[in-house]
Amino acid sequence: MTMLHFDWAVLDWIQAHLASGFGDMVMPLITRLGDGGICWAFLSGALLLHPKTRRVGAAVAVGLAIEVVCCNFLLKPLIGRIRPCDINLSVTLLIPRPMDFSFPSGHTGAAFAAVAALGTSGSRLWAPALALASLIAFSRLYLYVHYPTDVLAGILLGLLSGWVGQRLVQAVWKRQHTR
């Protein structure tokens, strides 16, 4: 089975077995939390406001910045993958049709960048963030706007971005506080 066959098989299985009235109501709301990484930007801002969590907030912010540059400005235009909803027009979209390319999933990437930055910073917020990130990632499949491989790439890109963001902030923090 090729990756493309796998992608379509998973999307079709979700539509055939998991689609429901409840999911149709909840999944657009969950995915909206990830629009533009807004919930993660708010989390970062809230953490930046408090001196005890400022370093963690900075790590989340830097991780998000790395992810958005890599995902939206480099990979999506470079790869130019068409979304599944633009190929299989028989699936009714429950959200506005995204206008950018599909690979990788930016919603997923931003979510997992925040998770990685929180986790590698030692914040206990990583666990609830992981739960929300997983729901956002799944919502992109449920809503038929990403392939599973887009979401997997978003997870990997996000984890790497969040880890790099935390490492950069940690290095700067050490340098600033050892002077």
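In case you missed it, the structure is sitting above this.
In this text the structure is predicted, and so the values were computed from the model without any measurement. For every chain, the first residue of the written sequence is number 1, and numbering continues from 1 along that sequence. Side-chain atom pairs in this predicted model are given and counted only at pLDDT of 80 or more, local residue features only at pLDDT of at least 70, and totals for whole chains, interfaces and linings cover all residues. As a rule here, side-chain values come from all non-hydrogen atoms in the structure, and water together with hydrogens is ignored.

Caption draft 1: The overall build of the chain, seen in detail. Of regular secondary structure, the chain possesses seven helices and zero strands. Secondary structure counts use DSSP, requiring at least four H or I residues in a row for a helix and at least two E residues in a row for a strand, with both numbered from the N terminus. The N-to-C order of helical and strand elements in the chain reads α-α-α-α-α-α-α. Projected onto its principal axes, the C-alpha positions of the chain cover 60 × 35 × 25 Å. Every residue pair with non-hydrogen atoms within 4.5 Å of one another is taken to be in contact. Residue pairs at least 24 apart in sequence account for 80% of intrachain contacts in the chain once pairs closer than 6 positions are excluded. Surface summary for the chain: the accessible area is close to 9,500 Å², and the carbon and sulfur share equals 70%. Residue exposure ignores everything except the shown protein chains as possible cover, and the areas themselves are Shrake-Rupley values with a 1.4 Å probe.

Caption draft 2: Layout of the pattern of salt bridges. For this document, the term salt bridge refers to a Lys or Arg side-chain nitrogen within 4 Å of an Asp or Glu carboxyl oxygen. A complete count under the given rule lists five salt bridges for this structure. The partner of Asp 100 in a salt bridge is Lys 76, with the nearest N and O atoms 3.4 Å apart. Taken together, the residues Asp 100 in the loop between helix H4 (54–79) and helix H5 (106–120) and Lys 76 in helix H4 connect sequence positions 24 residues apart. Residue exposure (1.4 Å probe, protein chains only): buried if accessible area is under 20% of the type maximum, exposed if over 50%, otherwise partly exposed. On the basis of relative accessible area, Asp 100 is assigned to the partly exposed category, the value being 38%. Between Asp 150 and Arg 81 there is a salt bridge, with its nearest N and O atoms 2.8 Å apart. Taken together, the residues span a long stretch of sequence, with Asp 150 in helix H7 (residues 148–177) and Arg 81 in the loop between H4 and H5 at a distance of 69 residues. Each of Asp 7, Arg 81 and Asp 150 takes part in one network of salt bridges that share partners.

Caption draft 3: Main features of helix H2 (residues 21–33). For H2, every residue scored as buried is listed here: Gly 23, Val 26, Met 27, Pro 28, Ile 30 and Thr 31. The inward-facing, buried residues of H2 contact H5 and helix H6 (126–142).

Caption draft 4: Here's a closer look at the packing of H4 against H5. H5 packs onto H4 with a crossing angle of 150° between their chain directions and a minimal axis gap of 8 Å. Here H5 runs roughly antiparallel to H4, going by the angle between their axes. Between H4 and H5 lies a crossing whose hand is right-handed. Contact with H4, carried on its side by Val 56, Ala 59, Val 60, Gly 63, Leu 64, Glu 67, Cys 71, Asn 72 and Lys 76, involves Gly 106, Gly 109, Ala 110, Ala 113, Ala 114, Ala 117 and Leu 118 of H5 and no other residues of that element. Three classes are used: nonpolar for Ala, Val, Leu, Ile, Met, Phe, Trp, Tyr, Cys and Pro, charged for Asp, Glu, Lys and Arg, and polar for all others, with Gly counted as polar. Split into classes, the residues belonging to the contact of H4 with H5 amount to ten nonpolar, four polar and two charged. Here, axes are lines fitted to C-alpha atoms. For helices the fit covers the stretch in contact, and angles between N-to-C directions go from 0 to 180 degrees. The labels follow the angle: roughly parallel below 35 degrees, roughly antiparallel above 145, roughly perpendicular from 65 to 115, and oblique for the rest. For any helix crossing, the convention is left-handed if the near helix is rotated counterclockwise from the far helix by under a right angle, and right-handed if that rotation is clockwise.

Caption draft 5: The arrangement of unusual backbone geometry in detail. Residue Pro 104 is reached from Phe 103 by a cis peptide bond, and omega for that bond is -10°. Along the chain, the position of Pro 104 falls in the loop between H4 and H5. In the Ramachandran plot, Tyr 144 falls in the positive-phi region, its phi being about 70° despite a non-glycine side chain. Residue position: Tyr 144 is located in the loop between H6 and H7.

Without other data, these values stay purely geometric and don't point to any function.
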